[in-house]
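Notes for the structure review
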Amino acid sequence: MTPEVPSREEASTRELLAAMALGDPGDQLRFADLLMGLGKRVFGMMLFVATLPAFIPIPGVGGAIGGPLVTLVGVQLLMGLRKPWLPRFIAERGPHRSAVQRFETVVEPWLRRVERFSRPRLPGVLDHRAAAMFTGLQLVLLGVLLALPIPFTNYVFGLLLLAYALALLERDGALMLWTWAGGTIAIGFFGVLSGTLATAASEWLARLF
């Protein structure tokens, strides 16, 4: 008997990523197609894909691409939208399958570990309007920080944002609580750090000119 293939709404994050990676490396995956059939998990997938550029090993490029995309997800959660909205020029674009394949090679072992303890729980942390707005606010701030030229932070923000995405995709409210804590620390620390760096830069320029 052929085993039953789980629907996209029921598949684990690892299974969704494997499905994205399967095929011609030269294909481009459209955002609009990646978000279809995910139900309540749709913002998780949107954030998951938006986070991928943060792992591009070229200084400045990952943040410049991923930061605005993460902020777009956050704004929509902050507004209380139930279904994501994508501008057409973004909906028709997306990552190349080759990038997803490289990413899967790196994170697949970690996703297996996450599956051992992550499960659907505490739905109110994900679905309550105030909770979703708080998640959205943190994502907006993290997206802005990701876009700023703060040295050596892309991977830090990328891993943290993946945790948000996994919490939304796996419907795990307990993981989201831990992620909120990590997000609060990161926003506080790097927010102050980036502000300090900006002030120092302006003072240095003032001395020069």
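Definitions and limits used
- Residues numbered from 1 in each chain as written.
- Predicted model: local features only at pLDDT ≥ 70, side-chain atom pairs only at ≥ 80, totals over all residues.
- Heavy atoms only, no water.
- Salt bridge = Lys/Arg side-chain N within 4 Å of Asp/Glu carboxyl O.
- Helix = DSSP H or I, 4+ residues; strand = E, 2+ residues; numbered from the N terminus.
- Buried < 20%, exposed > 50% of the residue type's maximum accessible area, 1.4 Å probe, protein only.
- Expected span 1.5 Å × (residues − 1).
- Contact = heavy atoms within 4.5 Å.

An unreviewed UniProt entry annotates the chain as Exopolysaccharide biosynthesis protein of Luteimonas terrae.

Here we take up the pattern of salt bridges. In total, this model carries 9 salt bridges according to the counting rule given. Arginine 14 is the salt-bridge partner of glutamate 115, the closest N and O atoms lying 3.2 Å from each other. Remark: arginine 14 occurs in helix α1 (residues 13-21) and glutamate 115 occurs in helix α6 (residues 97-117); sequence separation between them is 101 residues. Residue glutamate 115 is classed as partly exposed on the basis of its relative accessible area, which comes to 28%.

Let's shift gears to the environment of methionine 20. Along the chain, the position of methionine 20 falls in helix α1. For methionine 20, a relative accessible area of 4% puts it in the buried group. Taking the C-alpha atoms as reference points, methionine 20 and leucine 34, 14 residues apart in sequence, are found 8.0 Å from one another.

Right, let's talk about helix α9 (residues 154-169) for a bit. The end-to-end C-alpha distance of α9 is 22 Å, a good match for the 22 Å that 16 residues give at a rise of 1.5 Å each. Here α9 lies mainly inside the structure; 12 of its 16 residues are buried. If you check which residues of α9 are buried, you get Asn154, Phe157, Gly158, Leu160, Leu161, Leu162, Tyr164, Ala165, Leu166, Ala167, Leu168 and Leu169. Note on α9: the residue one or two positions beyond its end, arginine 171, has a positive phi of about 60°.

Right, let's talk about the environment of arginine 119 for a bit. Within the element layout of this structure, arginine 119 appears in the loop between α6 and α7 (124-127). Measuring from C-alpha to C-alpha, the distance between arginine 119 and alanine 167 comes to 9.1 Å, with 48 residues separating the pair along the chain. Sequence-distant contacts of arginine 119, that is, excluding residues within four places in its chain, are made with Glu170, Arg171 and Asp172.

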